[in-house]
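What the coordinates show
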Amino acid sequence: DSVNFLHEKMEQEVVEKLAELQMNVRFRHTFVADIGSSAQKGRQINYRPSDGQEFHLIMAARFSSYQKRQDLLVRAMALIPPDLPVKLTLLGEGVRKPEIEDLIVQLNVSHRVFVEPFCQQADLWQKLAQAQLLCHACEYEGVSKIIVESLSMGVPVLVSEVEPINQYIQDGFNGLLVENTPEAWADKITYLYHHQDLLEKLSKSSIESVKDRYDPKVNGLIYEENFQNLLK
């Protein structure tokens, strides 16, 4: 009856893929909307640079056999200068988890990369609030809830420069984009460790950037309106 695209770019990609496959598909009804994030808006405490202490990164995502790229981050951690107190926590479950754990041992980064199981949303938000940076490495992505939640909470984000993430993350304004290679990730993380004042600014601007677009109280009305039109 209807197709809901989470982002304008996703609608374009579907149309292009259908044309590539020579599939003649016409949707009866479409609309673009995302329900948004129920995470707290703003920070309960000001963003805190690590000040020479542990610089804590988090990636919270499935260890999937496609799409997610925890391996890029693990390889990047092996390239970061050993004297920098940078640590990474990988949160989640999935089929590639044993493979990633083996890679951590193989690259000898067990002292700075830690794997933790999936946790409940409230616990996840608490972990995010204590981190200096959310990292999200992937081959492609829709509208990522963990990215939107982090932006809402004022947690700076560093994400793969892939579509449509690079449509709603504006490099240097509400987040940071990075090329999908271990070297690029390592260089960017190292740079950010030495320029944490930039992350402090991003923490503030990210909250403003999602305040309107991803407010569930506002976006819920878009869904209600479209459902009512379908019922008519």
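The rules we used
- Residues numbered from 1 in each chain as written.
- Predicted model: local features only at pLDDT ≥ 70, side-chain atom pairs only at ≥ 80, totals over all residues.
- Heavy atoms only, no water.
- Patch = residues over 30% accessible without salt bridge, like charges linked within 9 Å, V, L, I, M, F, W, Y side chains within 5 Å.
- Areas by Shrake-Rupley, 256 points an atom, 1.4 Å probe, with all protein chains shown as cover.
- Salt bridge = Lys/Arg side-chain N within 4 Å of Asp/Glu carboxyl O.
- Helix = DSSP H or I, 4+ residues; strand = E, 2+ residues; numbered from the N terminus.
- pLDDT = per-residue confidence, 0-100.
- Pairing = 2+ DSSP bridges.
- Right-handed = clockwise from strand over helix to strand, strands pointing away.
- Contact = heavy atoms within 4.5 Å.

1. So, a nonpolar patch on the surface
Taken together, the side chains of Leu 21, Met 23, Val 25 and Phe 27 present a nonpolar region at the surface, about 350 Å² in accessible area. The residue Phe 27 is located in the loop between helix H1 (8–20) and strand E2 (30–32) in this model.

2. Regarding the confidence of the model for the protein
Per-residue pLDDT for the protein has a mean of 92; in total, 100% of the residues score no lower than 70. Summarising per-element confidence for the protein, the mean pLDDT is lowest in helix H6 (residues 165–168) (87) and highest in helix H2 (residues 70–79) (98).

3. Points about the pattern of salt bridges
Tallied over the full model, the rule gives 13 salt bridges. One salt bridge in this structure joins Glu 20 and Lys 17, with 3.3 Å as the shortest N-O distance. Of this pair, Glu 20 and Lys 17 are both found in helix H1, three residues apart, which corresponds to roughly one turn of the helix. One salt bridge in this structure joins Asp 71 and Arg 96, with 3.6 Å as the shortest N-O distance.

4. Comments concerning the pairing of strand E5 (residues 113–116)
Where strand E4 (residues 86–91) lies against E5, four bridges are found, and the strand directions are parallel. Pairing of Leu 90 across the sheet is with Val 115, part of E5. Chirality of the crossover, the property in question, places the unit of E4, helix H3 (residues 97–106) and E5 among those that are right-handed.

5. Things to note about the side chain of His 136
By the element assignment, His 136 lies in strand E6 (residues 133–136). When sequence neighbours within four positions are dropped, the list of residues in contact with His 136 reads Ala 61, Lys 68, Glu 141, Ser 144, Ile 146, Ile 147, Leu 158, Val 159, Ser 160, Ile 165 and Trp 185.

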